[in-house]
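Below are the chains, spelled out letter by letter.
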Amino acid sequence: MNKMISMEEVSTLFTDGMTIMAGGFMGVGTPQELVSAMLEANVRDITLIANDTAFTETGVGPLIVNRRVKKVIASHIGTNPETGRQMIAGELEVELVPQGTLAERVRAGGSGLGGVLTPTGVGTVVEEGKEKITVDGREFLLEKPLRAEVALLKAYKADKAGNLIYHRSARNFNPLMALAADTVIVQVEQIVEIGDIDPDEVMTPGILVDKIFVQGGCQS
Amino acid sequence: MISTLINPKQIIAARVAKELSDGDVVNLGIGLPTMVPNFLPEDVNVILQSENGYIGLGPLEGDIDPDLVNAGGQPSSILPGGAFFDSLFSFELIRGGHVDVTVLGGLEVDAKGNLANWMVPGKMVPGMGGAMDLVTGAKKVIVAMEHMAKNGSSKILQQCRLPLTGKGVVDMIVTELAVFRVTEAGFVLEELQEGVSLETVREKTEAAFIVNPALA
């Protein structure tokens, strides 16, 4: 199965109203060229799941600035002033989720769980509207799974089977999101032949990756 | 090491440093808490955890690696012996009690150990990031903050007014004036910073507090 994909093909994978997950922490580990492809494809009304909305010009930030997002689910929006502005103006729905809870919700979505019980947020506004469950005398919030139609990942290296290696702190949400979307697209810096990555070094197994886009557009 | 402490933030960071022990796994919030390692004695080495996915956070030295940033998104480094992991594992460490101490700033702390530091309705709504998980899961939560808000009001209250980051989570508050411990009975004033009188602390603290008999 050929997973390699060109920029033109990437842009055909998006439709209006989609739910999209994107890896990254303040833009580090976000597939910038895939974000650009989404912008060029003129996709609208997306629900975006990401740790944060990064900055106005990097990470997933340009999707907010260019008004492609109708709802964002994130742990932090403070570094992109446009997110807060659109939220206050009533143009953008924002669901703020504690970072560890966001990670667990994505995990639940990707691993067949009906949700997770976390103590984080008990006694705060985060508990509003959520079921509270007491286990052995301690209160937990039931946090429900998150899934997306498309996950956009960034890895350092892939083989042509889609086995991935991440670099430094650019790993963050990427391995989790690889499990939690119908279609998983990864942007990589380097592509190697199958067998060139030691199986012990693989961080995300290739069976989870549907499409591989090589940064700069080169396919081999 | 410690020469002259010229400003309130240095006084606070230097005092927080005394709470850390050799080998502690520590998560530092953005801003003032990041100054704490500057005041550690040479024989105290702590392991810094960065919520975006590693232990062994170090200061930026040499070339910038765009893939290596701290929890504030600033270029940083990883020390020998460090390790990277994903966000899920990072918060398993945090929530699971594998972080010994978290040091973070505060807007308000109250006598029940409640902390508010993530939003001011109508003014500032940046999101909680990892703060709610940190205060829930770290073994010890130290709030390092200036004693009063910029408008001169007390940040140490009988009851928080702002939306909470965590309920009953704070163990200790370190300000430029004093050190408080949070107990079942409310705040206990444990220390006065050098040159600060008990009267000054009473005047500038809205919450009631017990004075450690050693200070009287």
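The model shown is predicted, which means the values in this text are computed figures rather than measured ones.

### Digging into the overall build of chain B
Inference 1: The helix and strand tally for chain B stands at 4 helices and 13 strands.
Inference 2: For chain B, the C-alpha radius of gyration of 17 Å lies close to 17 Å, the compact-globule estimate for 216 residues.
Inference 3: The principal-axis extent of the C-alpha atoms belonging to chain B is close to 50 × 40 × 30 Å.
Inference 4: The 216 residues of chain B split such that 56% are buried.

### Notes on the overall build of chain A
Inference 1: When helices and strands are tallied, chain A shows 6 helices and 11 strands.
Inference 2: Its C-alpha atoms give chain A a radius of gyration of 18 Å, within 12% of the compact-globule value 17 Å for 220 residues.
Inference 3: Principal-axis analysis of the C-alpha atoms gives chain A an extent of 55 × 40 × 30 Å.
Inference 4: Taking all contacts inside chain A whose residues are at least 6 apart in sequence as the whole, residues at least 24 apart take part in 69%.
Inference 5: Approximately 8,800 Å² of chain A is accessible, and the part contributed by carbon and sulfur atoms is 47%.
Inference 6: Looking at chain A, you have 20 positive and 29 negative side-chain charges, and the mean spots of the two groups are 2 Å apart.

### What to know about the pattern of salt bridges
All names here are of chain A.
Inference 1: For the structure shown, the criterion picks out 21 salt bridges over all chains.
Inference 2: Arg105 is paired through a salt bridge with Glu95; the nearest N and O atoms lie 3.0 Å apart. Taken together, the residues Arg105 in helix α5 (residues 99-110) and Glu95 in strand β4 (residues 93-96) connect sequence positions 10 residues apart.
Inference 3: The class for Arg105 is buried, based on a relative accessible area of 9%.
Inference 4: One salt-bridge network, held together by shared partners, links Arg67, Glu82, Arg85 and Glu91.

### What to know about the interface of chain A and chain B
Inference 1: Chain A puts 37 residues into the contact, and the matching count from chain B is 35 residues.
Inference 2: Both sides together, the interface formed by chain A and chain B hides about 2,800 Å², and carbon and sulfur atoms give 63% of it.
Inference 3: The interface formed by chain A and chain B holds 1 salt bridge in total.
Inference 4: Here A:Glu104 and B:Arg95 are joined by a salt bridge, their closest N and O atoms 3.8 Å apart.
Inference 5: Across the contact surface, chain A and chain B share 16 residue pairs in polar contact (both at pLDDT 80 or more).
Inference 6: Among the elements of the structure, α5 and α6 (174-177) of chain A are those that each provide at least two residues to the side of chain A that touches chain B.
Inference 7: For the side of chain A that touches chain B, the element with the highest residue contribution is α5(A), accounting for 6 residues.

### What to know about the layout of surface pockets
Residues and elements named next belong to chain B.
Inference 1: One number sums up the size of the largest pocket: a volume of about 1,300 Å³.
Inference 2: Lining the largest pocket are 50 residues, with Ile30, Gly105, Gly106, Leu107 and Asn117 positioned closest to its centre.
Inference 3: Going through the elements one at a time, β1 (25-28), β5 (101-104) and α3 (131-137) are the ones with two or more residues in the lining of the largest pocket.
Inference 4: Considered class by class, the residues forming the lining of the largest pocket number 22 nonpolar, 20 polar and 8 charged.
Inference 5: If you add up the space inside the second largest pocket, you get close to 760 Å³.
Inference 6: Lining the second largest pocket are 37 residues, and of these Pro37, Leu48, Leu57, Gly58 and Pro59 sit closest to its centre.
Inference 7: Taken together, the residues of the lining of the second largest pocket break down into 19 nonpolar, 16 polar and 2 charged.

Reading the values: the criteria
Residues numbered from 1 in each chain as written. Chains lettered and ligands numbered in written order. Predicted model: local features only at pLDDT ≥ 70, side-chain atom pairs only at ≥ 80, totals over all residues. Heavy atoms only, no water. Helix = DSSP H or I, 4+ residues; strand = E, 2+ residues; numbered from the N terminus. Rg over C-alpha atoms; globule rule 2.2 N^0.38 Å. Buried < 20%, exposed > 50% of the residue type's maximum accessible area, 1.4 Å probe, protein only. Contact = heavy atoms within 4.5 Å. Areas by Shrake-Rupley, 256 points an atom, 1.4 Å probe, with all protein chains shown as cover. Lys, Arg positive; Asp, Glu negative; His and termini not counted. Charge placed at Lys NZ, Arg CZ, Asp CG, Glu CD. Salt bridge = Lys/Arg side-chain N within 4 Å of Asp/Glu carboxyl O. Buried area = accessible area lost by both parts, 1.4 Å probe. Polar contact = N/O pair within 3.5 Å; in protein donor to acceptor, adjacent residues only side chain to side chain. 1 Å grid on protein atoms, 1.4 Å probe; cavity = no way out; pocket = protein on both sides within 12 Å on 5 of 7 lines; lining within 4 Å. Points joined across faces, edges and corners; volume = space filled by probe spheres on them. Nonpolar A, V, L, I, M, F, W, Y, C, P; charged D, E, K, R; others polar.

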